[in-house]
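# Fold and contact review
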Amino acid sequence: MSMKIGFLFNHDMLHQIAHTAPIAAELAADGVDVSVLCSSAEQEQRVRAFIPPDMPVRFVRLTTSGLANIANSLTGGVIPFRRLGILRQNLEIFAGFDALVVPETTSTLLKSRYGLKNLKLIYLPHGAGDRSIGFRGVTRLFDFVLLSGNKVRDRMLRSGLITPDNYAVVGYPKFDTVDLDHVPRIFDNDRPTVLYNPHFDPLLSSWGTMGEQVLDYFAQQDRFNLIFAPHVMLFQRRLHASLEHRRIRLRRKIPQRFFSLPHMRIDTGSSLSTDMSYTRAADIYLGDVSSQVYEWIYRPRPCIFLNSHHAAWRGNPNYAHWLLGDVIDSVAELPAALDRAMADPARFAHLQEQACRETFGVSDGTPSSRRAADAILRFMQRSPVPAPAPAYKDMRAKAHLSF
């Protein structure tokens, strides 16, 4: 079966790439006509790192108008004008594919707003967390959904976001890109290392109300190393907004006094923050709602969660990961929580192992990216052959293009 499949990367940062790029390599190895669509040189460079140079993959650089770039800059990225502009101004390219594989949901505008009804949209969520934003109605706009495990599948089925015949459980392709047994050495001492990994959500993140206190605590003690590696989006923008929680917050700066301490590493967005270097190197996880905790528990270790927004979290599926460690309500409780983690590091190991199986529940030895590629091929083979795409000028008229 002849088919053209595109892999779209259209985000300000690079953290989504490892989730779907390995699948592109697998499909290209099968002889599928594969194109990688990037909106920056940095994206293309990162994708190429996951695809062998002799693989017949076409790379396409997507562009948008200077107006969209200026608007994006003026709003600090709070409204993703550039991302929207990339979609709106490259419709002719997108219309040339049978399917587009994406790790995010903005691309559904290609169907819902811009008229590309014949284009199959295939979604693999970039992460396997519990936040409600990962279980929104927009998921229903995808033709096919690739899921990491039974946990996400069951919740999406209960919510009516997927149907019994439009998904596949494939595992976690990002794991295929990492040597999970390798433990990077970050510090030149043998102290236990804590990874502090706050999210960027203006309501849920611990950084705005507790972050500086956390850094102060670790700066003033000599028992632990600290890696401060927040979600890469936290320091990408100064202003964070959440339509879901109707909250806007100005992101606090990091005081200079923390940058020169030998037992603390501050990393606000390097590749080490997204390639699991820090989740492999540390001994104790300290965070709030980031899905990175699920990458952490592939090897069970202590977790401590900061309830900075006074959530009534018990029984709430959006906080299911808080069952995997200690939950504390203030930084004053942190020393005792660290003591408990050191005294009984396996205290939550059984729950973490169970959560890992449910979250990344495929273990037959087949790489997840291979499993995802096979699922895509089966889906495409049973999908009806689409009618020829309308002329671009007709699509443009139908789409009512605007920001």
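Residues numbered from 1 in each chain as written. Predicted model: local features only at pLDDT ≥ 70, side-chain atom pairs only at ≥ 80, totals over all residues. Heavy atoms only, no water.

With that settled, consider the state of the cysteines. Taken as a whole, this structure holds zero disulfides when the rule is applied. With no disulfide of its own, Cys-303 lies 11 Å from the sulfur of Cys-356, the closest cysteine sulfur. Assessed through its relative accessible area of 3%, Cys-303 is described here as buried. (Disulfide = S-S within 2.5 Å. Buried < 20%, exposed > 50% of the residue type's maximum accessible area, 1.4 Å probe, protein only.)

The final tally for this structure, using the stated rule, is 17 aromatic pairs. Ring centres 5.4 Å apart and planes at 25° place the aromatic pair Tyr-196 and Phe-228 in the stacked group. With Tyr-196 in strand 8 (residues 193-197) and Phe-228 in strand 9 (residues 225-228), this residue pair connects regions lying 32 residues apart in the sequence. Just as Tyr-196 is buried, Phe-228 falls in that class too. Put simply, the rings of Tyr-285, Trp-296, Phe-305, Trp-313, Tyr-319 and Trp-322 pair up and form one aromatic cluster. Here Lys-4 stacks its cationic end above the ring of Phe-97, 5.6 Å away from the centre of that ring. (Phe/Tyr/Trp six-rings, centres within 6.5 Å; stacked < 30°, edge-to-face > 60°. Helix = DSSP H or I, 4+ residues; strand = E, 2+ residues; numbered from the N terminus. Lys NZ or Arg CZ within 6 Å of the ring centre and 35° of its normal.)

Moving on, we get to the sheet that holds strand 2 (residues 33-38). On the basis of which strands lie adjacent, the open sheet formed by seven strands has the order 3-2-1-4-5-6-7 and parallel pairing. Each edge of the open sheet carries a strand with a single partner, namely strand 3 (57-61) and strand 7 (167-169). Neighbouring strand axes in the sheet, compared pairwise and without regard to direction, differ in orientation by 20° on average. Bridging between strand 1 (residues 4-9) and strand 2 involves six bridges; their strand directions are parallel. Bridging from a neighbouring strand, Phe-7 pairs with Val-36 of strand 2. In this fold helix 1 (residues 17-29) packs onto strand 1, strand 2, strand 3, strand 4 (99-102) and strand 6 (144-147), with an angle of close to 160° to the strand it touches most, strand 1. Running at roughly 165° to strand 3, helix 2 (residues 41-48) makes contact with strand 1, strand 2 and strand 3 of the sheet. (Pairing = 2+ DSSP bridges. Axes fitted to C-alpha atoms, helices over the stretch in contact; angles between N-to-C directions. Contact = heavy atoms within 4.5 Å.)

It is worth spelling out the pairing of strand 13 (residues 284-287) at this point. Judged by which residues are buried, strand 13 turns out to be covered on both faces: Ile-284 and Leu-286 on one side and Tyr-285 and Gly-287 on the other are all buried. Examined bridge by bridge, strand 13 and strand 14 (residues 303-306) share three bridges and lie parallel to one another. Residue pairing in the sheet places Tyr-285 in a bridge with Cys-303 of strand 14.

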